[in-house]
Amino acid sequence: MWTPLKTVFGADLRSLAALRVMLALYLLFDIANRWPYLNVFYTDGGLLSRAEAIVHNHPGRWSFLLANGDPWFAHLVFGLLTLSAFALLLGYRTRLATVLCWVLTISITNRNLFVLQGGDDLSCALLFWAMFLPLGARFSVDDALRQEHAQPVSQRQPRSHAYISPASVAILLQVSYVYVFGAFLKDGAEWHSELSAVYFALSAESVSSSLGEHLLGFKALLAPLTAYVFWLELLMPLYVFTPIFFTFFRTTGLILLIALHLGFAVFLSVGLFPLISIASLSVLIPPAAWAWLERKTGRGVWALYYDEGCTFCQKTCLILRSFCLPYDTPIQPAQQDAIAGPILERETSWVVAHPDGRLLTHWDGVVAVLKNSPLTWPFGAIAGLLPKAMGRKLYVRVGNSRGCLGTVTATLLPFRARSESLNGSWYAFVSACALLVLLRNLHHEEDAGLKMPPATEYVAKALRINQRWNMFAPYPIKREGWYGFDGMLENGLHVDLWTGQPGYAPTKAPDSLRDWQQDYRWRKYLSYVHQKRYRRQLSNLARYWCSQQWVDANGAVQSLTSIKMTFYARSTQPDWRPDTYKTYFLYDKPCR
């Protein structure tokens, strides 16, 4: 009934591994999303030169991308982050990979503040705390190649999945801050007396999905959904950190929060925010959930036999055990087993003893092992779809190259002694940062009346742990719009700069504002440029377009001579009243 506080504020090492995998997947998806816009958003030839980026940045923020504004350098940084994210995914040199992901993610994030959303702040904060956590202690290459794991199973000590440190407390609190402080900032009447927040969110065509627009028709659901979202966020710490009936409350809260973000993903168009939010929640998975999952998968008793003297073969078996099989799965040279030895000699293959009594070889063994784990089951299913002859051929090719692969793995995958703990000075640093994050969040609450020294903001922004969880706060957006980007060419003809099509930019609303904006990062950028305090960005946008070549109605390549920009605003009215519209003439100047 009562759970010790070290369990409540600790983290299961398997949950930390899940966090690692989810963080890596988020980074890879995020890179794939940003890369097509690399030249536009992250180089001197795009919308924001380094000089302009520095003007809009806080002195505490830094970025490697401010060192060079050429596209090749941005591609290099993106490529390094991709490699680091893959290393993080596999748990290879995990702490180093986490540090690199943090540094490179901050560099990309700080390069252009006009394309950011809440998920970017959350990813930077999670990566910061992750640097001080043993993310590679389970389901990882690092875990597989611990020196003690190369020993026979009979000589290995039982291990615990429990872990607690200042870093585990800090990341659990960080996850809760997103919800509880987000709820505190939702102080508009739309979230309380009116209960119209969901109505306004779904009415904003730029952030509502097609299914969200359909949900808008179910009027009776909108007020209860508004109350549900607010109270689910506000009460989050209670059902996550209560020590009474801990497993029940945390599991229930985890399911409800994941369902909330899945709802955001289905009914709203908010980019990768649901993915990074679900990634953050993975650290909350309680030990009982992992125990249940292990019972349900029914992995049984396995054994792996490899060719004696082949270190590459041994390491491959160790890695597969770490990701797919129970910790106590025996791994030994086949020559030391009376049954497996003759099979290896006859088949020239490793031998996999399946729990059902079968002895599998070649590609069949690979498929069976991969299918055993919920983590790698999709890869096993894909591998099982390959024709057996093709799979066997692939296995034989790898086997024939094991001499070369052994040399490579000896360098890149050595057996190493690893410790999950850091020294006390690091934990003191983490504790100080955790206190700073708490105070910075309280600072945003007007009722708290907390004044923070300027130096704390400098430190928080330098570490990228500054945060303000004001998504849809104090209320959802009520005004959105589209632009008319009209350009005049050298020959006097016009071109719609947004679509690149010849002719005047249209003045009527697009059929779908969400589709017109192309991408959620473009949406964030366009949400700033029409505001008075960011009008300087209009000149940057004009400069970028003036530097491009355009095709006129006759197919001839032309340069721009002038640009005109107009913003058409649409404001959502309460109670399904008709929207109101207003036109703003923003810019009308020649190209220089």
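Just so we're clear, the structure is a prediction, and the values are computed from it rather than from any experiment.

Student: What is the right way to look at the overall build of the protein chain in this model?
Tutor: Across its full length, the protein chain carries 27 helices and 12 strands. Relative to the 2.2 N^0.38 estimate, which gives 25 Å for 592 residues, the radius of gyration of the protein chain is 28 Å and therefore close to what a compact globule would have. Each principal axis of the C-alpha atoms in the protein chain carries an extent, and together these give about 85 × 65 × 50 Å. Of all 592 residues assigned to the protein chain, the portion counted as buried reaches 53%. A sequence separation of at least 24 residues applies to 75% of the contacts in the protein chain between residues at least 6 apart. Surface exposure of the protein chain reaches about 27000 Å², of which carbon and sulfur atoms provide 63%. The centroid of the 54 positive side-chain charges in the protein chain is displaced by 3 Å from the centroid of its 41 negative side-chain charges.

Student: Help me out: how do you make sense of the pattern of salt bridges in this one?
Tutor: Side chains that carry opposite charge are capable of pairing whenever their charged atoms lie near each other. This structure, assessed with the given rule, holds 20 salt bridges. One salt bridge in this structure joins Asp143 and Arg146, with 3.1 Å as the shortest N-O distance. What makes Asp143 buried here is its relative accessible area of 2%. With a relative accessible area of 6%, Arg146 lands in the buried category. A salt bridge links Glu213 to Arg514; its shortest N-O distance comes to 3.3 Å. With Glu213 in helix α11 (residues 210-215) and Arg514 in helix α25 (residues 513-516), this pair connects stretches of sequence that are 301 residues apart. Accessibility expressed as a relative area gives 18% for Arg514, which makes it buried. One network of salt bridges, in which partners are shared, links Asp30, Arg34, Asp120 and Arg521.

Student: It is not clear to me how the packing of helix α2 (residues 13-34) against helix α5 (residues 71-90) should be interpreted in this structure. Could you clarify?
Tutor: Any two packed helices are characterised by the angle at which their axes cross and by the distance between the axes. Close contact between α2 and α5 brings their axes to 8 Å; oriented N to C, the two are set at 155 degrees. Here α2 is positioned roughly antiparallel relative to α5, judged by the angle of their axes. Seen from above, α2 lies across α5 with left-handed handedness. Contacts between α2 and α5 involve Arg20, Val21, Leu23, Ala24, Leu25, Leu27, Leu28, Ile31 and Arg34 from the former and Phe78, Leu81, Thr82, Ala85, Phe86, Leu88, Leu89 and Leu90 from the latter. Looking at the contact of α2 with α5, its residues break down into 14 nonpolar, one polar and two charged.

Student: Sorry if this is basic, but what is going on with the pairing of strand β7 (residues 479-489) here?
Tutor: It is a general feature of regular strands that their side chains alternate between the two faces of the sheet. When you tally the buried positions in β7, you get nine out of 11 residues, the bulk of the element. Looking at chain direction, β7 and strand β11 (residues 557-571) are connected through 11 bridges and run antiparallel. Across the sheet, the residue bridging to Met488 is Ser562, located in β11. Across three bridges, β7 lies against strand β8 (residues 494-496) in antiparallel orientation. Considered in β8, the bridge of Gly487 is made with Val495. Linking β7 back to β8 in an antiparallel pair, the connection comprises four residues, with Gly492 at a positive phi of about 90 degrees.

Cut-offs used in this document
- Residues numbered from 1 in each chain as written.
- Predicted model: local features only at pLDDT ≥ 70, side-chain atom pairs only at ≥ 80, totals over all residues.
- Heavy atoms only, no water.
- Helix = DSSP H or I, 4+ residues; strand = E, 2+ residues; numbered from the N terminus.
- Rg over C-alpha atoms; globule rule 2.2 N^0.38 Å.
- Buried < 20%, exposed > 50% of the residue type's maximum accessible area, 1.4 Å probe, protein only.
- Contact = heavy atoms within 4.5 Å.
- Areas by Shrake-Rupley, 256 points an atom, 1.4 Å probe, with all protein chains shown as cover.
- Lys, Arg positive; Asp, Glu negative; His and termini not counted.
- Charge placed at Lys NZ, Arg CZ, Asp CG, Glu CD.
- Salt bridge = Lys/Arg side-chain N within 4 Å of Asp/Glu carboxyl O.
- Axes fitted to C-alpha atoms, helices over the stretch in contact; angles between N-to-C directions.
- Parallel < 35°, antiparallel > 145°, perpendicular 65-115°, else oblique.
- Left-handed = near helix turned anticlockwise from the far one by under 90°.
- Nonpolar A, V, L, I, M, F, W, Y, C, P; charged D, E, K, R; others polar.
- Pairing = 2+ DSSP bridges.

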